[in-house]
Amino acid sequence: MKIVQKFGGTSVADIPKIRSAANKVKSEVDKGNKVIVVVSAMAGVTNQLVGYCKDFPSSYNLREYDVVVSAGEQITSGLMSIALQDLNISSISLLGWQIPILANDAHAKALIDSIDTSKILSHLDRGEVVVVPGFQGVNKKNDIVTLGRGGSDITAVAIAASVDANYCDIYTDVDGVYTSDPRIVKNARKIDKITYEEMLEMASLGAKVLQTRSVELAMKFNVSLRVLSSFSGAPGTLICSEEKVVEKEIVSGIAHSMDEAKITLVSVEDRPGIAASIFHTLSEYNINVDMIVQNVSEDGSTDLTFTVSKHELLSAKNAVENNQEIKWRKLLIDDDVSKVSVVGVGMKSHAGVAKTMFKALAEKNINIEVISTSEIKVSVLIKAAFTKEALVCLHKAFDLDQ
Ligand code: ADP
Ligand code: ASP
Ligand code: MG
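Residues numbered from 1 in each chain as written. Chains lettered and ligands numbered in written order. Predicted model: local features only at pLDDT ≥ 70, side-chain atom pairs only at ≥ 80, totals over all residues. Heavy atoms only, no water.

Draft legend 1. Seen up close, the site of ligand 2. Taken together, Ser40, Ala41, Thr46, Glu73, Phe135, Arg149, Gly150, Gly151 and Ser152 form the complete shell of residues around ligand 2. Serine 40 has a polar side-chain atom sitting 3.0 Å from an oxygen atom of ligand 2. Threonine 46 is positioned with one of its side-chain polar atoms (N or O) 2.8 Å from a nitrogen atom of ligand 2. Summarising the interface, the protein chains cover 85% of the accessible area of ligand 2, which totals 270 Å² for the free molecule. Across the shell around ligand 2, the residue classes tally to two nonpolar, five polar and two charged. (Near = heavy atom within 4 Å. Polar contact = N/O pair within 3.5 Å; in protein donor to acceptor, adjacent residues only side chain to side chain. Areas by Shrake-Rupley, 256 points an atom, 1.4 Å probe, with all protein chains shown as cover. Nonpolar A, V, L, I, M, F, W, Y, C, P; charged D, E, K, R; others polar.)

Draft legend 2. Up close: unusual backbone geometry. At the junction of isoleucine 99 and proline 100, the peptide bond is cis and its omega measures out at -15° in the coordinates. With respect to the helices and strands, proline 100 occurs in the loop between strand 3 (91-93) and strand 4 (101-103). Located in the positive-phi region is alanine 108, a residue other than glycine, with phi close to 75°. In this fold, alanine 108 is placed in the loop between strand 4 and strand 5 (112-115). Under the relative-accessibility criterion, alanine 108 is labelled partly exposed at 23%. Located in the positive-phi region is asparagine 142, a residue other than glycine, with phi close to 70°. Looking at where asparagine 142 falls in the secondary structure, it is placed in the loop between strand 7 (136-138) and strand 8 (144-146). (Helix = DSSP H or I, 4+ residues; strand = E, 2+ residues; numbered from the N terminus. Buried < 20%, exposed > 50% of the residue type's maximum accessible area, 1.4 Å probe, protein only.)

Draft legend 3. Region of the structure containing the side chain of threonine 302. Note on placement: threonine 302 falls in strand 15 (residues 301-308). With sequence-adjacent residues up to four places away left out, threonine 302 is seen in contact with Leu265, Val266, Ser267, Val268, Asp270, Gln294, Asn295, Val296 and Ser297. (Contact = heavy atoms within 4.5 Å.)

Draft legend 4. How the structure looks around the site of ligand 1. Taken together, 17 residues sit near ligand 1, with Thr172, Asp173, Tyr178, Asp181 and Arg183 positioned nearest. Here threonine 172 contributes a side-chain N or O atom positioned 2.6 Å from an oxygen atom of ligand 1. Within the backbone of tyrosine 178, a nitrogen or oxygen atom sits 2.9 Å from a nitrogen atom of ligand 1. Coverage of ligand 1 by the protein chains reaches 88% of its 580 Å² of free accessible surface. Of the residues assigned to the shell around ligand 1, the class counts are seven nonpolar, five polar and five charged.

Structural data, given as structure tokens:
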């Protein structure tokens, strides 16, 4: 079999952990498998590198930012290869530009265009383990680009898809995908199998155990993705297509995101074209809008509320304030909010999820500020201080407790 094994930052945080990850690789090699290892930077290193760039007061050049922040993975790929050789396993590290992993020009959030698998495959055929640094690629100009935070998961899945690997195993500091973040909800349960669709919602709604785009890619190319522990041998979670999940839960998980901020325009004129104008401006500033609510109109005016990422709050406020076409009475901002979401494919065919969710929150006196839904999720915006209480009570209300 061909296997991709990806180790996250906490799994390669120091030399003993790199040695122990190398032993996980050895056990696959010993079974006769061909292995490609993808590594993150040591825990905390990427944050430190980002911090160095942010120390410069003027806005820094993103080309150079990518040169700096991609360095963490270069170090761990070399160290992992040394650790493997120390276990008498032949191995070679290949950096993004050496493979090459070709990506577009969007520095700091580049998308992979293609991966040339020839070098990887020829080293595998020679019986070597190939170690690849995650998170990095190279654009057409031969400049280093990075794939966005958490991007090593994307590298792993993209390589697995391009070499047609049997499994893409994501080794991390928890032993699988849980019904809710196990660090917050003590009664969270490990999920044996979850559909791509549900995992995609969970990830995009804040469950950072897998990077959202990596799940998207896995779904597109039908990669068998597993989440496993670096520190135990426990069976993990398989992320797969819907047919392979026999017991479909109505709600399979509860995710949360603290990266939320809310803008309300009070008494904005209510006529055709106003929403178009506001959201056009926001898109011109490249700001992603998530939830939107508009109240019923009274006396020709209405209140419009929408949410954005915390770090985009100020630019969103600027964008709206600079739009001369729209008038409002007050502009309110609030970044002391969080989003809590229940996710499950079973919702497609079962009614009552929203009712159960709102009732459970009401019983805890938690006020809902904004609601949004899709076919397989219901999300609510609440005060940040109530996040843990909301997760715990919803977990119980949907019978997910251990
Ligand atoms: P890595 O450094 O290995 O990429 P991450 O920190 O990105 O690891 O992801 C693992 C973390 O994801 C866990 O420590 C856990 O706190 C968090 N997490 C959030 N939601 C979930 C969930 N539903 N199931 C498992 N882990 C979750
Ligand atoms: N090291 C990068 C980050 O911290 C990529 C990753 O770990 O996935 O975002
Ligand atoms: Mg991660």
